[in-house]
Amino acid sequence: MNSNKGMVAIEETVNWWKAIVESMNDGVLVIDRSGIVRTINPEYTRITGVTPDIIGKPLVLYRPGARLPETLASGKSQVGVYRKTHDREYVVDMAPVMLDDKIVGAVSVCKSLTEVQLLTQELEKQRQKVKELQEQMSALHRVRYTFDDIIGAESKMQDIISIARKTAATDLPVLIRGESGTGKELFAQAIHHASLRSEKPFIAVNCSAIPSALIENELFGHLDGSLVSQSVAGKAGLFEMADGGTLFLDEIGDLSLDVQAKLLRVLQEGAVRRVGEVEERRVDVRIVASTHRDLYQLIAKGLFRNDFLYRLNTIDLQIPPLRERKKEIPLITSSLLADRFEVEDNVMMFLTQYDWPGNIRELRNVLDYAMCLVDENERISIRHFPDFMQKQHTLYNEEKGILPLHEAVEVAEKQILVSALQSCEPTVGERQEIANMLGISLATLYNKMKKYNIK
Ligand SMILES: Nc1ncnc2c1ncn2[C@@H]1O[C@H](COP(=O)(O)OP(=O)(O)OP(=O)(O)O)[C@@H](O)[C@H]1O
């Protein structure tokens, strides 16, 4: 009774193993210690063409070139052996079958070479795709601007450009301050381009554009499921993406105190921890930050950490607004105008009188506008500029209509004085030059400044 049960159990086990071998995706052939074929599976037949009638027969008789008997004799495995019979190509792994330290047979496992080739081709294709994507990624993170694109003739601008050039050779953090449109990102890009990191990514992040709930995930990355949506996959943050390169933190003054503290830690440690992760990852990132806000005022109001500011402002570049360097307007204008365009004589005066709250970005925009409006073979004149600029310029007052002549003369006189004085330093020498240009004495200039309350 017991031995019957035992037989049934053995039969079940044998059947189970047979079923496994039958269902394998690799071809299998097994020989016993005498070299007699004990089993082959359907996949072996498909790959090699050998049919099941080989079972029970000596392998060497039917397959004279077979290498499995070598494994049986030596007990040594053979891996990746190439075989070709007729038009069939395949690779075989062979191993001895051991029972109680004795060789009781050998097994051969084969895979069709065409399948291996297809897999290799597929792998190669995927590798190529990854390479292309990597190239596209680094192209996306390459900078557009270099120091050659920065126009700056005034000595103040020349000084800033010269300091910025020197910092490019270092890894020191740079803080660029200035109103919107003064060229802060332009400087950041130029510094990266001239640095040893230029082949690595330049990643710009506008701190004011990312909702505060997401900024940590963006900067430091996150793990699976660390966001509200469990479906979001783990992702590297901008610090990791900028590794080896430069991270440009635009509008740094808009960061919350909490994020400032976390950023400060990353800058001190040189390592980031993805949100939801315990382990830290080392990053080598140069920080260039920018702001249009007065960070010292924010510190006074308790909205900005001073230890964070001191981490950022080793090099502090303050770019003056365009209205404080009006002397540069003609140069910038001619650089921004495409070659085929010419301007009427009074256009430069017109552009110099305007205050440019949007700085060079605004100047670039209105020049684009004028180049679009002007007809072919026509010179750009005041009427090709936007209405709001013309209204500020003309002596037309919307409330009063046309001004009486004496008032109009005063308005014009004041405009000319303001614009002339804005483009010079407040020294007696430079004011004397202005007075000469205007054809009046220095004393008259001072009198008129007093009359029109011009500081
Ligand atoms: N000195 C300059 N020479 C040439 N172009 C300039 C200069 N400064 C600014 N520009 C141009 O003005 C535009 C705005 O520059 P940029 O984006 O760098 O300003 P920004 O200070 O970073 O502005 P925002 O604070 O609004 O982001 C760009 O088209 C840039 O090329």
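Residues numbered from 1 in each chain as written. Predicted model: local features only at pLDDT ≥ 70, side-chain atom pairs only at ≥ 80, totals over all residues.

## A look at the nonpolar core
Defined as follows: Residues of type Ala, Val, Leu, Ile, Met, Phe, Trp, Tyr and Cys that are buried and joined through C-beta atoms within 7 Å form what is called a nonpolar core. Three exposure classes are used. Buried residues have 20 or more other C-beta atoms within 10 Å of their own C-beta, exposed residues have 12 or fewer, and partly exposed residues fall in between, all C-beta atoms being placed from the backbone. Under the DSSP-based scheme used, a helix requires at least four consecutive residues in state H or I and a strand at least two consecutive residues in state E, with every element numbered from the N terminus. Note on contacts: each residue gets a C-beta atom placed from the backbone, and two residues are in contact if those atoms are within 7 Å.
Membership of the largest hydrophobic core comes to 40 residues, with the highest contact counts inside it found for Ile176, Phe187, Phe239, Leu247, Phe248, Leu249 and Val288. The element that contributes the greatest number of residues to this core is helix 7 (residues 184–193), accounting for 5 residues. When residues no more than four places from it in sequence are discounted, the contact partners of Phe248 are Glu185, Ala188, Phe202, Ile203, Ala204, Val205 and Val288. Val30, Val37, Ile54 and Val92 belong to the second largest nonpolar core, which has 19 residues in total.

## Here we look at the environment of Ile163
Its location among the elements puts Ile163 in helix 6 (residues 155–168). You can call Ile163 partly exposed: it has 13 C-beta atoms within 10 Å. C-alpha of Ile163 to C-alpha of Ile315: the two residues are 152 residues apart in sequence and 8.5 Å apart in space. Leaving out residues up to four positions away in the same chain, Ile163 has contacts with Ile315 and Leu317.

## Describing the sheet that holds strand 1 (residues 27–32)
Whether parallel or antiparallel, the strands of a sheet pair through hydrogen bonds between backbone atoms. Worth spelling out the cut-off: Criterion used throughout: strands pair if DSSP finds at least two bridges between them. For helices, the fitted line uses only the C-alpha atoms of the stretch in contact; every axis is such a line through C-alpha atoms, and the angle between N-to-C directions lies from 0 to 180 degrees.
Pairing within the open sheet is antiparallel, and its 5 strands lie in the order 2-1-5-4-3. Each of the sheet's edge strands pairs with one partner strand only, and the pair in question is strand 2 (37–40) and strand 3 (78–85). Mean inter-strand twist for the sheet, computed between neighbouring axes without regard to direction, equals 25°. Where strand 3 lies against strand 4 (residues 88–99), 6 bridges are found, and the strand directions are antiparallel. Across the sheet, the residue bridging to Thr85 is Arg88, located in strand 4. Against the sheet, helix 5 (residues 113–140) contacts strand 4 and strand 5 (102–112), and its axis sits at roughly 60° relative to strand 5.

## Looking at the sheet that holds strand 14 (residues 315–318)
Strand order across the open sheet formed by 5 strands is 7-10-13-6-14, with parallel pairing between neighbours. Looking at the sheet topology across the chains shown, the edges are occupied by strand 7 (202–206) and strand 14. Between one strand axis and the next, the sheet turns through 15° on average, direction left out of account. The pairing of strand 6 (residues 174–177) with strand 13 (residues 286–291) spans 4 bridges and is classified as parallel. From the neighbouring strand, Arg177 faces strand 13, where its bridge partner is Thr291. Those strands touched by helix 6 are strand 6 and strand 14, and its axis lies near 150° from that of strand 14.

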